[in-house]
Amino acid sequence: MTGKTHSAVTRRFGIGLVALALVATACTSGDAETQSSADPAETEAEAAELSITPETGGEEIAPNTPIRVSAEHGAITDVQVDQAVVTEAAVEGEGAEGDLYAMTGTLNEDGSEWISDWNLRPGAEVVVTATAENEAGEETELTTEFTTLDAVPGRRLELVSNFPSSGDTVGVGMPVVINFDLPVTNKAQVENSMNVVAEQETAGAWNWITDQMAVFRPEEYWEPHQNVTVDLNLAGVEASEGVYGVTNYQIDFEIGRELIATMHVPDHEMVIEVDGEQERVIEVSNGAANRHFDTTSTGTHVLMERYEHLTMDSATVGIPEDDPGSYLVDVQYAVRTSNSGEFVHEASYNTNIGSANTSNGCTNLRMDDARWFFENTLMGDVLDTTGTDREFEFDNGWGYWQKSWDEWLEGSETGEPQMTTDGTPGSVHGEDL
């Protein structure tokens, strides 16, 4: 069966076959005529022949070169890949040792070919040991050694930031946001190097918001109450010409309960449902809508960062002091819903909460409701707003649900969905390598 195999699994299988072969050849006596209980066809089976590329002695092999193991007259039972980084490219990131760099591979149906799933570490001494067995259970082993090209200082793709972080519990609308330090031009290879694994299978896809920012979103909201792992197999990927990743990362987070908040702005209230049950109705005051800026945006918002205390200054969103509509106010329990300055926050000074929309575009709440919202919502929870003529832009904060699934999938460089239980849809290796 075609599938990805880990070397430890195949090694155990190989050892079992060797043990059986030893038992079969040990049943003879020194005085008796030597006879074989094996089928004559088995004793005459041709020895398995192995070949490995890159070959022994190769120097400065491009890190995005695949390892290929081929077998004739037998089936591959084990492939071990050991990589020792010996140059300054050995950047030790979070969890840099152990399983993050264990090389897996895909074995074809008849066991005659194995191809590595991921790229090689730059600046490494690589030892590949492969084992195959013929029809008689006889083993053949082959080892090759080569070195990979170093990653040049200043041309090493690094992870600058990510949302969420390992250990976070987030809402069902949470995207996976990856920010790189350098522009990526080989986007398909980088997309295929970032594998999202969830307990509940769903289709998702990466989009490139900029050349340095990739975002993963599922087709529909995440199923609640599950764990998600993002494996960033960046070591060896050629992000652009001569620019290689050097470090692998793993992000583990949890999808919590499903919290969906809805607001129809003319109604002056927010309805909150948790796991499909109405939890709370909160009176609000939204934007006065005298102009584009102070109109609360219509669309699907995802809750972002939060502040227990925040000074809201219109100068930070392009309205300087003394201009019409400028403001400078201190608020409590502020939760961001866009990058253009929209927050859900306490506004005890607003006497129109529940009766009129008079804010500068934010969603104003009374103190007790603002505190409840701050304490009971998560990054990644959903706020779905309707009833205004200002459309929420998909790239204004985390407005990624503003795109339909078909539109989102069109923005993927691979053009294919990534199933969260099946791995990435394409190759991470360089073209024609």
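## A few points about the overall build of the protein chain
When helices and strands are tallied, the protein chain shows 5 helices and 29 strands. Looking at the 433 residues of the protein chain, the share that counts as buried comes to 48%. For the protein chain, the computed accessible surface area is about 20,200 Å², with 46% contributed by carbon and sulfur atoms.

## A look at the sheet that holds strand 8 (residues 139–147)
Across the sheet, which stays open at both edges, the 3 strands sit in the order 4-7-8 with antiparallel pairing between neighbours. Only two strands of the sheet have a single partner each, and these edge strands are strand 4 (75–85) and strand 8. Sheet twist, expressed as the mean angle between neighbouring strand axes with direction ignored, is 15 degrees. When strand 7 (residues 124–133) meets strand 8, the two strands line up antiparallel, connected through 9 bridges. Looking at strand 8, one finds that E125 is bridged to T147.

## Points about the nonpolar core
If you look at the biggest cluster of nonpolar residues, it comprises 45 residues, and the most contacted ones within it are I178, F180, M194 and L232. For this core, the elements supplying multiple residues, two or more each, are strand 12 (176–180), strand 13 (194–198), strand 14 (203–210), strand 15 (213–218), strand 16 (226–232), strand 19 (249–255) and helix 5 (405–410). Contact partners of F180, with chain neighbours within four places excluded, come to L157, E158, V160, V190, M194, W208, Q212, A214 and L234. Core analysis: the next-biggest nonpolar cluster, separate from the first, contains 22 residues, V69, W114, W118 and A132 among them.

## So, a negative patch on the surface
A cluster of like negative charges, contributed by E219, E220, E223, D406, E407 and E410, occupies part of the molecular surface. Relative to the helices and strands, E220 is located in the loop between strand 15 and strand 16. The class for E220 is exposed, based on a relative accessible area of 57%.

## Observations regarding the pairing of strand 12
Among the 5 residues of strand 12, 5 are classified as buried, and the element is accordingly described as predominantly covered. Of the two faces of strand 12, the one carrying V176, I178 and F180 and the one carrying V177 and N179 are both buried. Where strand 10 (residues 159–163) lies against strand 12, 4 bridges are found, and the strand directions are antiparallel. Bridge pairing in strand 12 links F163 to V177. Sheet analysis places strand 12 next to strand 15, joined by 4 bridges and oriented antiparallel. If you follow N179 over to strand 15, its bridge partner there is M213.

## Some points on the confidence of the model for the protein chain
In the predicted model, the protein chain carries a mean pLDDT of 89, and 87% of its residues have values of at least 70. Note on residues 1–37: pLDDT under 50 across the span, and 41 contacts to partners over four residues away in sequence or across chains. Below pLDDT 50 for its whole length, residues 91–96 participates in 12 contacts with residues either more than four positions away or in separate chains.

## Some remarks on the sheet that holds strand 16
Reading across the sheet, the 4 strands line up as 11-19-16-13 and stay open at both edges, with mixed pairing between neighbours. Of all the strands in the sheet, the pair left with one neighbour each is strand 11 (169–170) and strand 13. Where strand 16 lies against strand 19, 7 bridges are found, and the strand directions are antiparallel. Residue pairing across strands places T229 opposite D252, the latter belonging to strand 19.

Cut-off values and rules
Residues numbered from 1 in each chain as written. Predicted model: local features only at pLDDT ≥ 70, side-chain atom pairs only at ≥ 80, totals over all residues. Heavy atoms only, no water. Helix = DSSP H or I, 4+ residues; strand = E, 2+ residues; numbered from the N terminus. Buried < 20%, exposed > 50% of the residue type's maximum accessible area, 1.4 Å probe, protein only. Areas by Shrake-Rupley, 256 points an atom, 1.4 Å probe, with all protein chains shown as cover. Pairing = 2+ DSSP bridges. Axes fitted to C-alpha atoms, helices over the stretch in contact; angles between N-to-C directions. Core = buried A, V, L, I, M, F, W, Y, C linked by side-chain atoms within 4.5 Å. Contact = heavy atoms within 4.5 Å. Patch = residues over 30% accessible without salt bridge, like charges linked within 9 Å, V, L, I, M, F, W, Y side chains within 5 Å. Salt bridge = Lys/Arg side-chain N within 4 Å of Asp/Glu carboxyl O. Lys, Arg positive; Asp, Glu negative; His and termini not counted. Charge placed at Lys NZ, Arg CZ, Asp CG, Glu CD. pLDDT = per-residue confidence, 0-100.

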